[in-house]
Amino acid sequence: MKKILIIATGGTIASLPTENGLSPNIDSRQLVSAVPEIQEYCCITAIQYFNLDSTNMNHTHWLSIARYIRQEYDNYDGFVITHGTDTMAYASAIMSYLIQDSPKPVVFTGAQKSIFEKDTDARVNLINAVIYAADDRAHGVKLVFDGKVIVGTRARKTHTKSYNAFSSIDYPEVAVIRSGKLHYYIDDKTESTVKFFDKLNPNIIVLKLTPGMKAGVFDYIAENYDAVIIESFGMGGIPFYDSEEFADKIEMLINRDIRVIITTQVPHEGSDMEVYSVGFRVKKKYELLEAYDMTTETIVAKTMWALAESRDQQEFRRLFTTPVSKDIV
């Protein structure tokens, strides 16, 4: 039987009611005992790594998990990380850069309701994550939720309460799991050698443009961050408002060696700055990096990783524009 390591980190799946609302209080042993049937699929080992609401998870926690998986990589056939849903899309994206080309699966899952409750999605999600992790064709970083297997760089939380909390953005689901059976849409496992990375630079900011926003916000960014991801309008336009102030501020950031990346705040189909003049002229003038159809969560993750790998402008550009785990298609 396959050997699967479950790494419990808290989240709703492990929460119990308190006088201040739900809080993670169920440990890894209790999680596994709530779904004894998973022992039919593989040999399970479970550890309690953190017990946090995922709102409180950040890059330090995900780096620590990646290092632990690296330490245990040769001892197991796959890994399942139980995680809170609020930042799980960020977590799966970041792990996709910290653990690249893995022939073994690294699977994120969680729930919208605690495994403590009678009627919950938690048990099915945990079982499905184990089913996928124990499959011979499973590989790489994936997010398993509501019967869907989603590439780690393509997952986004799109519902706050419903069981179908996660969607695969602008890329097909890899597989679905129905009644305990795994059905693949994309079976692309190849021979590969895992590559581990152990650095992230979290000193970045996402700026969502709003109509009439003042360009002075870039002065604050210039003093405090190494990169800015600008969620612009539509296909990626930069406003001019009868002046060149926004363009001038972007030039100022570039001159200060701050990375500027343009994306769109529209959920689907990505950016294309060259369609309209409001995007075309500023992209061409400053050779701006464009994220195209990458999700914001993945842009954040890739920027953290690429900045940590190199502060050289051209090397950062190469790293950012090179596809990793289906992040650019």
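Keep in mind that this is a model prediction, so the values were computed, not measured.

Draft legend 1. Up close: the overall build of the protein. Regarding its fold elements, the protein presents 9 helices and 18 strands. Against the 2.2 N^0.38 benchmark of 20 Å for 329 residues, the protein shows a C-alpha radius of gyration of 21 Å, consistent with a compact globule. Dimensions of the protein, computed from C-alpha atoms along their principal axes, come out at roughly 65 × 50 × 30 Å. Among the 329 residues that make up the protein, the fraction classed as buried is 56%. For the protein, the computed accessible surface area is about 14400 Å², with 48% contributed by carbon and sulfur atoms. Placing the 35 positive and 43 negative side-chain charges of the protein at their respective mean positions leaves the two points 2 Å apart.

Draft legend 2. Spatial organisation of the packing of aromatic side chains. Applying the stated criterion across every chain, the model contains 12 aromatic pairs. Counting every residue linked through ring pairs, the aromatic cluster contains Tyr73, Tyr76, Phe79 and Phe196. Its guanidinium or amino end placed over the ring of Tyr76, Lys3 lies 5.6 Å from that ring's centre, counting from NZ or CZ. The lysine or arginine in question, Lys302, covers the ring of Phe320, its NZ or CZ lying 5.8 Å from the ring centre.

Draft legend 3. View of the sheet that holds strand S9 (residues 148-151). With mixed pairing, 8 strands are arranged side by side in an open sheet as S4-S1-S5-S7-S8-S9-S12-S13. Only two strands of the sheet have a single neighbouring strand rather than two, namely strand S4 (43-52) and strand S13 (181-184). The average undirected angle you get between the axes of adjacent strands in this sheet is 25°. Looking at chain direction, strand S1 (residues 3-10) and S4 are connected through 7 bridges and run parallel. Note that in S4 the partner of Gly10 across the bridge is Leu52. The strands touched by helix H2 (residues 59-72) within the sheet are S1, S4, strand S5 (78-82) and strand S7 (105-109), with S4 carrying the most contacts at an inclination of about 155°.

Draft legend 4. Main features of the nonpolar core. Residues Ile69, Met95 and Ile99 are the most contacted members of the largest nonpolar core, which totals 55 residues. Looking at this core element by element, the count peaks at 8 residues for helix H3 (residues 88-98). Among all residues touching Met95, those that are not within four sequence positions of it are Trp62, Ile65, Ala66, Val106, Phe108 and Val141.

Draft legend 5. Quick peek at the sheet that holds strand S18 (residues 289-290). Across the sheet, which stays open at both edges, the 4 strands sit in the order S15-S16-S17-S18 with parallel pairing between neighbours. Two strands in the sheet have a free side with no partner beyond their single neighbour: strand S15 (204-208) and S18. Looking at chain direction, strand S16 (residues 227-232) and strand S17 (residues 259-264) are connected through 6 bridges and run parallel. Bridge pairing in S17 places Ala227 opposite Arg259.

Cut-offs used in this document
Residues numbered from 1 in each chain as written. Predicted model: local features only at pLDDT ≥ 70, side-chain atom pairs only at ≥ 80, totals over all residues. Heavy atoms only, no water. Helix = DSSP H or I, 4+ residues; strand = E, 2+ residues; numbered from the N terminus. Rg over C-alpha atoms; globule rule 2.2 N^0.38 Å. Buried < 20%, exposed > 50% of the residue type's maximum accessible area, 1.4 Å probe, protein only. Areas by Shrake-Rupley, 256 points an atom, 1.4 Å probe, with all protein chains shown as cover. Lys, Arg positive; Asp, Glu negative; His and termini not counted. Charge placed at Lys NZ, Arg CZ, Asp CG, Glu CD. Phe/Tyr/Trp six-rings, centres within 6.5 Å; stacked < 30°, edge-to-face > 60°. Lys NZ or Arg CZ within 6 Å of the ring centre and 35° of its normal. Pairing = 2+ DSSP bridges. Axes fitted to C-alpha atoms, helices over the stretch in contact; angles between N-to-C directions. Contact = heavy atoms within 4.5 Å. Core = buried A, V, L, I, M, F, W, Y, C linked by side-chain atoms within 4.5 Å.

Nothing here speaks to function; it is geometry throughout.
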